[in-house]
Amino acid sequence: MLSSLFDRLFAPTPTPLNAEDARLALSALLVRLARSDGEYAAVEIAAIDTALAQRYGLDEAATKALRQEAEVFETQAPDTVRFTRAIKDAVPHEDRITVIEAAWSVVLADGTRAEEEDALMRLVANLLGVNDRDSNLARLRGNAG
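These notes cover the structure that comes with them. (Residues numbered from 1 in each chain as written. Predicted model: local features only at pLDDT ≥ 70, side-chain atom pairs only at ≥ 80, totals over all residues. Heavy atoms only, no water.)

1. Here's the deal with the nonpolar core
- Ranked by internal contacts, the top residues of the largest apolar core, which has 39 residues, are Leu-30, Leu-33, Phe-83, Ile-87 and Ile-100.
- Of the residues forming this core, the biggest block, 10 residues, is contributed by helix 2 (residues 19–35). (Core = buried A, V, L, I, M, F, W, Y, C linked by side-chain atoms within 4.5 Å. Buried < 20%, exposed > 50% of the residue type's maximum accessible area, 1.4 Å probe, protein only. Helix = DSSP H or I, 4+ residues; strand = E, 2+ residues; numbered from the N terminus.)

2. Thoughts on the packing of helix 5 (residues 80–90) against helix 7 (residues 115–127)
- Two numbers describe how helix 5 lies on helix 7: the axes approach to 9 Å, and their chain directions differ by 40°. Between helix 5 and helix 7, the interaxial angle falls into the category oblique. Here helix 5 runs over helix 7; the crossing is right-handed. Here helix 5 contributes Thr-80, Val-81, Thr-84 and Lys-88 to the contact with helix 7, which in turn contributes Leu-120, Leu-123, Val-124 and Leu-127.
- Split by residue class, the contact of helix 5 with helix 7 holds 5 nonpolar, 2 polar and 1 charged. (Axes fitted to C-alpha atoms, helices over the stretch in contact; angles between N-to-C directions. Parallel < 35°, antiparallel > 145°, perpendicular 65-115°, else oblique. Left-handed = near helix turned anticlockwise from the far one by under 90°. Contact = heavy atoms within 4.5 Å. Nonpolar A, V, L, I, M, F, W, Y, C, P; charged D, E, K, R; others polar.)

3. Points about the pattern of salt bridges
- Tallied over the full model, the rule gives 7 salt bridges.
- Asp-118 serves as the salt-bridge partner of Arg-113, at 3.1 Å between the closest nitrogen and oxygen.
- We classify Arg-113 as partly exposed; its relative accessible area is 44%.
- A single salt-bridge network, built from bridges that share partners, covers Arg-32, Arg-35 and Glu-74. (Salt bridge = Lys/Arg side-chain N within 4 Å of Asp/Glu carboxyl O.)

4. Points about helix 7
- Relative to the 18 Å expected for 13 residues at 1.5 Å per residue, helix 7 spans 18 Å between its end C-alpha atoms, a close match to the ideal helical length.
- Along helix 7, the positions that sit buried rather than exposed are Glu-117, Asp-118, Leu-120, Met-121, Val-124 and Ala-125. Along the long axis of helix 7, the arc covered by the buried residues comes to 165°, so they all point the same way. Opposite its buried face, helix 7 presents the exposed residues Glu-115, Arg-122 and Asn-126, each directed more than 90 degrees away.
- Looking one or two places after helix 7, you find Gly-129, whose phi comes out positive at around 80°. (Expected span 1.5 Å × (residues − 1). Arc of directions from axis to C-beta.)

5. A closer look at the environment of Tyr-56
- Mapped onto the fold, Tyr-56 is located in helix 3 (residues 42–56).
- Judged by its relative accessible area of 25%, Tyr-56 is partly exposed.
- For the pair Tyr-56 and Arg-23, spaced 33 residues apart in sequence, the C-alpha separation works out to 8.4 Å.
- Those residues in contact with Tyr-56 that lie beyond four places of it in its chain are Arg-23, Leu-26 and Leu-66.

Written out as structure tokens, the structure reads:
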């Protein structure tokens, strides 16, 4: 699956992602956000697992397997712009707001807002076509969870 997703993302004209590749790309985006401040805390990993389990209806083993695959993919993934654009093309706008909500829940899981995480969140929201207002509302919902 990783090579298929890499082929799609590195193609001169990337093709739309199928559901499985979009799920892996989204999972890797959550991992990238969690790692963006240089720390990858257990509480952030738990927030990723919760977001993935809720979004995809996965059991604990499947959630862990998806996250572990996403961790590998994230280290080899292209720049954030390229793979966020692929997610945008694969996920309807209303679902992208829930993606931002999940992303905020991961970023805020450790109780701190690092500048690197804030900057990456602004970039990701913008690239996903989610405006500042909707991102802020998603942050408030993500922080409540």
